[in-house]
Structures are given as C-alpha cells and as structure tokens.
Amino acid sequence: EAGVAQSPRYKIIEKRQSVAFWCNPISGHATLYWYQQILGQGPKLLIQFQNNGVVDDSQLPKDRFSAERLKGVDSTLKIQPAKLEDSAVYLCASSHRLAGERDTQYFGPGTRLTVL
Amino acid sequence: AQSVTQLDSQVPVFEEAPVELRCNYSSSVSVYLFWYVQYPNQGLQLLLKYLSGSTLVKGINGFEAEFNKSQTSFHLRKPSVHISDTAEYFCAANQAGTALIFGKGTTLSVSS
C-alpha cells in the first residue's frame, strides 16, 4: 500500500512570496490533516478535512493560509504572503475511518519550507 | 483542554542499555495515545498506540508502552537500544476522529 505522498520535499522562498504544497493521501482515507512543525516543537494542526469538507480550521491563520481538498482526495496548502515565522516542516497525514470513530493517522515525509 | 507533556527533551544512552521516554497527558475525557518516531528529514512513523483494552502495548522495533490512567502517563520503553534507534520521539493524544495533540518531543541519542 502506498503511503502519503507530499511535494515538494524542500522549498526556499523570500518573504512576501507565495508557496503551495501538495498532498496525496493513502487511497480510501477519508480524513486528511495538515500539520505545521516548527523546529524543536511537536506538530500542530492547521486544518482537518473530512472528504472535501473542513472539520477543523480553528488554528489556520486565514489571513495568509488557505487549503482545499477537491473531490475528497488530493489537497493543497497555500501561503500568501509568506512570513519568516512560516519557516517549518509542513506535514500531511491521513486516516481511514470517518471522523467520530477511532483511527490512526499516517504521515507523509513533509515539506521543509525556508522563508528568507 | 488536552495537553501532552514529554518530561525529557534529551535522553542520551549507551547501546544495549534500557531506555524509558516519559509522557504525561491531561484530558477531562477518554483519550487515545500514540508514540511516533521521526528520523532526520523524514515524516512521522507510528511506533504504537493505545485505544482500549490491555494497558501494555507492544509496538514495532521492540518498543512497548504502558497506559497508566491513575498517573495519566504513557511511558515508552525498550529493554535494549541500538544505534539505529537514535531519533526524535513524539507522544501524542487525541479523541476519536480529531487531530493529534503532540508533546514537544524527546531526542534519543544512542552511542556505542
């Protein structure tokens, strides 16, 4: 079974530029998560999707971050404009069962973003 | 609100020695508990999980953890570590279908 795929693996941009990350979850996984992991810290949720609907985006900085999950499969996360403090690893995870049931989250390799 | 505390930021050990990585959680409701490992420049790999049932959980690579409800702990143990176990370890908790709440991580350094 293929795991969670993410691209690009690394990205370096200047502040105020825009950037987009892509995630392809494990086939059949209904729930998709985007986490932000700042150096030296544990990952923190940015947004959770259930199929193509948003379950939780309470911690997403909506003035600069946006995310979508078209057709309930792939997802993209965008930052526009980027700030220095957005430098982090962006992790995508997916889980099989529908929200509200027990599940296990499987993580992709992450995208390391450096904002100069 | 849920929170997860990993009590040690760094744990240095010698190869073949036992190790324990400590994790405490706080929650007013039942939670599910997880340990993930992260190798350099890689994503998170699930080591083990506690959902219900037996409080002693066995995972991959010889790791195990014990859920202690009275002490709100979920410590990770391995009786004999290898150089290849050097990595960052994260304890996490959630309720069914929700996002994981992670601790800050523990760096395990195994030397010969």
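Along each chain, residues carry numbers from 1 onward, in the same order as the chain's sequence is written. Lettering for chains starts from A, numbering for ligands starts from 1, and both go in the order in which the items are written. Restriction of local features to residues with pLDDT of at least 70 applies here, the model being predicted, together with a cutoff of 80 or more for giving and counting side-chain atom pairs; totals for whole chains, interfaces and linings are based on all residues. By convention in this description, side-chain values take in all heavy atoms of the structure and omit both hydrogens and water.

Colleague: So what about the environment of Tyr32 of chain B? Which residues, and what values?
Modeller: Runs of H or I in DSSP of at least four residues are treated as helices and runs of E of at least two as strands, each being numbered from the N terminus. Turning to its location among the elements, Tyr32 of chain B is positioned in strand 5 (residues 32–38). Residues Tyr32 of chain B and Lys49 of chain B lie 17 residues apart in sequence; the distance between their C-alpha atoms is 7.5 Å.

Colleague: Break down the state of the cysteines for me, citing the residues and quoting the values.
Modeller: Only a pair of cysteine sulfur atoms within 2.5 Å qualifies as a disulfide here. Taken as a whole and judged by the stated rule, the model has two disulfides over all chains. Here Cys23 of chain A is linked by a disulfide to Cys92 of chain A, with a sulfur-sulfur distance of 1.9 Å. Taking the sign of the S-S torsion, about -70° here, the bridge from Cys23 of chain A to Cys92 of chain A comes out left-handed. Taken together, the positions of Cys23 of chain A in strand 3 (residues 19–24) and Cys92 of chain A in strand 9 (residues 88–95) put the pair 69 residues apart, joining distant regions of the chain. The same class applies to Cys23 of chain A as to Cys92 of chain A, namely buried. One disulfide bridge connects Cys23 of chain B with Cys91 of chain B, the sulfur atoms lying 2.0 Å from each other. Judged by the torsion about the S-S bond (-70°), the Cys23 of chain B/Cys91 of chain B disulfide is left-handed. Taken together, the positions of Cys23 of chain B in strand 4 (residues 23–26) and Cys91 of chain B in strand 10 (residues 87–94) put the pair 68 residues apart, joining distant regions of the chain. Three exposure classes are used, based on accessible area relative to the maximum for each residue type with a 1.4 Å probe and protein chains only: buried under 20%, partly exposed in between, and exposed over 50%.

Colleague: Describe the interface of chain A and chain B, listing the residues and the values that go with them.
Modeller: Residue contacts are defined here by distance: any two heavy atoms, one from each residue, within 4.5 Å place the two residues in contact. With 23 residues of chain A at the contact, the number on the chain B side is 22 residues. Buried area: the sum, over both parts, of the accessible surface (1.4 Å probe) that disappears when the two are put together. Interface area, chain A with chain B, both sides summed: about 1,700 Å², of which 51% is carbon and sulfur. Whenever a carboxyl oxygen of Asp or Glu lies within 4 Å of a side-chain nitrogen of Lys or Arg, that contact is scored as a salt bridge. Seen at the junction of chain A and chain B, the total is zero salt bridges. A 3.5 Å cut-off defines polar contacts: any pair of N or O atoms within that distance qualifies, except that in protein one atom must be a possible hydrogen donor and the other a possible acceptor, and neighbouring residues in sequence count only when both atoms are side-chain atoms. Put simply, chain A and chain B have seven residue pairs in polar contact (both at pLDDT 80 or more) between them. At the level of elements, strand 4 (31–37) and strand 5 (44–50) of chain A are the ones that each hand at least two residues to the side of chain A that touches chain B. In terms of residues, the side of chain A that touches chain B owes the most to one element, strand 4 of chain A, which gives three residues. Put simply, Ala, Val, Leu, Ile, Met, Phe, Trp, Tyr, Cys and Pro go in the nonpolar bin, Asp, Glu, Lys and Arg in the charged bin, and everything else, Gly too, in the polar bin. Among the residues forming the side of chain A that touches chain B, the class breakdown is nine nonpolar, nine polar and five charged.

Colleague: I'd love a proper account of the layout of surface pockets, names of residues and values included.
Modeller: Empty space within the largest pocket amounts to approximately 520 Å³. Only protein atoms enter the calculation, which uses a 1 Å grid: trapped sets of points that fit a 1.4 Å probe without letting it out are cavities, open sets showing protein on both sides within 12 Å along at least five of seven lines are pockets, and any residue with an atom within 4 Å of a point is a lining residue. If you go around the largest pocket, you meet 29 residues; those closest to its centre are Gln37, Leu39, Val89 and Arg112 of chain A together with Gln38 of chain B. The residue makeup of the lining of the largest pocket, split by class, is eleven nonpolar, 14 polar and four charged. A volume near 370 Å³ is recorded for the second largest pocket. Lining the second largest pocket are 21 residues, and of these Pro43 and Lys44 of chain A together with Leu100, Ile101 and Phe102 of chain B sit closest to its centre. Those elements that provide at least two residues to the lining of the second largest pocket are strand 5 of chain A together with strand 1 (3–6) and strand 11 (101–102) of chain B. Of the residues assigned to the lining of the second largest pocket, the class counts are seven nonpolar, eleven polar and three charged. Grid points are joined across faces, edges and corners, and a volume is the space filled by probe spheres set on the points.

Colleague: Residues and numbers for the sheet that holds strand 3 of chain A, please.
Modeller: Residue and element names in this part refer to chain A. For two strands to pair, DSSP has to find at least two bridges joining them. Strands sit in the order 1-3-8-7 across an open sheet of four strands; the sheet is antiparallel. The sheet is open, and its two edges are formed by strand 1 (5–7) and strand 7 (65–68), each paired on a single side. With direction set aside, neighbouring strand axes in the sheet form an average angle of 15°. Throughout, an axis means a line fitted to C-alpha atoms (over the contacting stretch in the case of helices), and angles, computed between N-to-C directions, take values from 0 to 180 degrees.

Colleague: For the environment of Leu56 of chain B, give the residues involved together with the corresponding values.
Modeller: All names here are of chain B. As for its position among the elements, Leu56 is in strand 7 (residues 56–58). The class for Leu56 is partly exposed, based on a relative accessible area of 36%. Leu56 has contacts with Glu64, Ala65 and Glu66, leaving out every residue within four places of it along the chain.

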